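# Notes for the structure review
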Amino acid sequence: MARVAFSTFGIMREKSGHPQVQGFLDRISATFAAADAAPGFLGGPDRNGALAPSFLDPALRDQEASTVSLWEDLHSVWAFAYRGLHAEALQHRREWFGEPAWPNYVAWWVEDDHMPSWPEAAERYQHLHDHGSTAFAFTFKKPFGADGGPLTQRDVTTPAQTSGSAP
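Below is a summary of the structure that appears in this document. (Residues numbered from 1 in each chain as written. Predicted model: local features only at pLDDT ≥ 70, side-chain atom pairs only at ≥ 80, totals over all residues. Heavy atoms only, no water.)

### A short note on the side chain of Thr31
Residue position: Thr31 is located in helix α1 (residues 19-37). A relative accessible area of 13% places Thr31 in the buried class. One polar contact links the side chain of Thr31 to the main-chain carbonyl oxygen of Arg27, over a distance of 2.8 Å. If sequence neighbours within four positions are ignored, Thr31 has contacts with Phe80, Leu85 and His86. (Helix = DSSP H or I, 4+ residues; strand = E, 2+ residues; numbered from the N terminus. Buried < 20%, exposed > 50% of the residue type's maximum accessible area, 1.4 Å probe, protein only. Polar contact = N/O pair within 3.5 Å; in protein donor to acceptor, adjacent residues only side chain to side chain. Contact = heavy atoms within 4.5 Å.)

Right, dumping it as structure tokens:
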């Protein structure tokens, strides 16, 4: 059974320690704890990694905030992202992060025995940035199932449609 790898990526408006981004930094531990307890969350690689995609200006690397995680299905990661503590934090993202010229997250399907890595997430981001949403790297706005077929946003937001195959 396929699982969903998910990565987030953003550039904070200021470096860590600056008051402009402190609200974001103050929420990190609680948000990770909420993810750990979320239905469908399966884990991820070491949380201290970084993506560093090639389109990122190296001068901004100190302001990068990124995650890589593994989920049972698309609905699980969508529900975590848009409900609860994480959803509350999203309401403040424009305070903490500049408007990106790239997607701020990417999803892709992996085999059930595979743990996504930071380099793999960077590769998927690069692909999404260069080619848009495809079965290799996609967003909730244009999702794909584990079989590579297109899905609808409703397939992502409705728990009954989380098998990863097109309806």
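### Description of the pattern of salt bridges
On inspection of all chains with the given rule, the structure shows five salt bridges. The partner of Arg124 in a salt bridge is Glu120, and the shortest N-O contact between them spans 3.8 Å. Remark: Glu120 and Arg124 occur in helix α5 (residues 118-131); sequence separation between them is four residues, near one turn of the helix. With a relative accessible area of 12%, Arg124 lands in the buried category. (Salt bridge = Lys/Arg side-chain N within 4 Å of Asp/Glu carboxyl O.)

### Here we look at the pairing of strand β1 (residues 3-11)
Among the nine residues in β1, eight count as buried, and that is most of the element. In terms of strand pairing, β1 meets strand β4 (residues 105-110) through six bridges, oriented antiparallel. Its bridge partner being in β4, Ser7 is matched across the sheet by Val106. Both β1 and strand β3 (residues 64-71) contribute to a ladder of eight bridges, which runs antiparallel. Considered in β3, the bridge of Ser7 is made with Val68. (Pairing = 2+ DSSP bridges.)

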